[in-house]
Amino acid sequence: MAEIVLTGIKPTGEVHLGNYLGAIRPAIDTTSQSADTSLLFIADYHSLTSMHKGEDLRHSIYNVAATWIACGLDTSKSILYKQSDIPEIFELQWILSCFTPKGFMNRAHAYKAKLDANQADGKKDLDHGVNMGLYNYPVLMSADILMFNSTKVPVGEDQIQHLEFARDIAQKFNNNYGDTFTLPEPITKKDSLIPGLDGRKMSKSYNNGIPLFLDSKKLRKKVMKIKTDSSPPESPKDPDDSLIFDLYKYFSTDEEQNQLAETYRAGIAWGEAKQILFEKIENYFTEKKEVYDDLMADTGRLDQILDDGAQRAREIARPLLNEIRKKTGVSL
Ligand code: ADP
Ligand code: TRP
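My aim in this report is to walk through the structure given alongside it, one point at a time. (Residues numbered from 1 in each chain as written. Chains lettered and ligands numbered in written order. Predicted model: local features only at pLDDT ≥ 70, side-chain atom pairs only at ≥ 80, totals over all residues. Heavy atoms only, no water.)

What follows covers the nonpolar core. Counting 55 residues, the largest nonpolar core has Trp68, Ile210 and Ile226 as the members making the most contacts within it. For this core, the secondary-structure elements that each account for two or more residues are helix H1 (17-34), strand E2 (37-42), helix H3 (54-70), helix H9 (216-224), helix H10 (243-249), helix H11 (254-266), helix H12 (270-296) and helix H13 (299-328). Element by element, the count of residues in this core is highest for H3, at nine residues. When residues of this core are sorted by domain, at least three fall in each of domain 1 (4-194 + 299-328) and domain 2 (216-292). (Core = buried A, V, L, I, M, F, W, Y, C linked by side-chain atoms within 4.5 Å. Buried < 20%, exposed > 50% of the residue type's maximum accessible area, 1.4 Å probe, protein only. Helix = DSSP H or I, 4+ residues; strand = E, 2+ residues; numbered from the N terminus. Domains from an automatic or database assignment.)

Looking at ligand 2, there are 14 residues lining it, with His46, Tyr137, Met141, Asp144 and Gln159 nearest. One of the side-chain N or O atoms of tyrosine 137 is found 2.7 Å from a nitrogen atom in ligand 2. Aspartate 144 places a side-chain nitrogen or oxygen 2.7 Å from a nitrogen atom of ligand 2. Of all the secondary-structure elements, those providing two or more residues to the shell around ligand 2 are strand E1 (4-9) and helix H7 (132-146). Looking at which element gives the most residues to the shell around ligand 2, the answer is H7, with four residues. Its residues placed into classes, the shell around ligand 2 shows eight nonpolar, four polar and two charged. (Near = heavy atom within 4 Å. Polar contact = N/O pair within 3.5 Å; in protein donor to acceptor, adjacent residues only side chain to side chain. Nonpolar A, V, L, I, M, F, W, Y, C, P; charged D, E, K, R; others polar.)

The next subject is the site of ligand 1. Not every one of the 18 residues close to ligand 1 is listed here, only the nearest: His16, Gly156, Asp158, Ile194 and Lys204. For ligand 1, an oxygen atom lies 2.7 Å from a polar atom in the side chain of histidine 16. In isolation ligand 1 has 530 Å² of accessible area, and contact with the protein removes 95% of it. Residue contributions to the shell around ligand 1 peak at four residues, all from H1. A per-class count over the shell around ligand 1 returns six nonpolar, eight polar and four charged. (Areas by Shrake-Rupley, 256 points an atom, 1.4 Å probe, with all protein chains shown as cover.)

In structure tokens form, the structure reads like this:
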């Protein structure tokens, strides 16, 4: 079976290290190692559930597109596109929603988290602030995935439930009309949720992230904000209980990690550990940042790349959608 790798990033703010390590780097690695076809996209209509300022969304779309390319995506091999440019996805979303039990959506993590937050705030209406876009979010995500018969979907652990929905919905459709959709498998690294500056999951929603392409001064300032305890500089420290060390591991060799672990155990000032991490991250992204800055200064080039990607993606989507329309009976 052909390996079709697909993943999307929601443009809702600057891409951060969690997105990079949880989704972008694994997707680019899988793509270059095993994919027959790879589709990487910007889930812009998913952002519309929460972002209602046109200028911000537009900037964020360019930010995500430039980030993919700067991080090594080869657009001659992989297809990079904007979700909103593929009308087939939205038609499929409707079709799939007719096979989705409402109870599935009631159990969706993002929706449930919103209800819990409303309850904690003492709100009378637990659905306060929930729009239908947020409620239907998992169906649109299923359409993103199933439209291309994706086999592998690299995502962070927080997205596993969405993949289960996609598989369940696909099965319901297949049971009714016969084999149509491939059941997608998530590709996730265990315990791979990257912690943010405050120790919670790094997320745009918590504003606790380290964006990838900050200038040196701002990056240093962010890294210096990582939460630490108040132990004095000379006291021995446990590398396995340190956000700084956790992040360092993603950018260093085993030997470098052993070295820093030893320094921790001998006693290191948090400021010094942060400086070491800052230099590591800055170095890792220097060349990527140059590519990123060039692309952000030439958004016309990004428009061309995205248009080309959309055309190629639609060529894959159209025949499958035609087959589905026939099966449902709407194509006469
Ligand atoms: P955010 O929570 O910042 O809004 P998204 O929901 O847009 O991030 O996530 C985009 C991709 O990055 C998803 O595959 C998600 O699983 C992954 N991801 C997001 N945050 C993290 C994290 N802290 N650690 C690992 N992966 C993450
Ligand atoms: N829901 C994903 C997130 O918040 C983004 C996304 C939308 C996605 N559609 C997708 C990821 C399809 C993988 C496949 O991170």
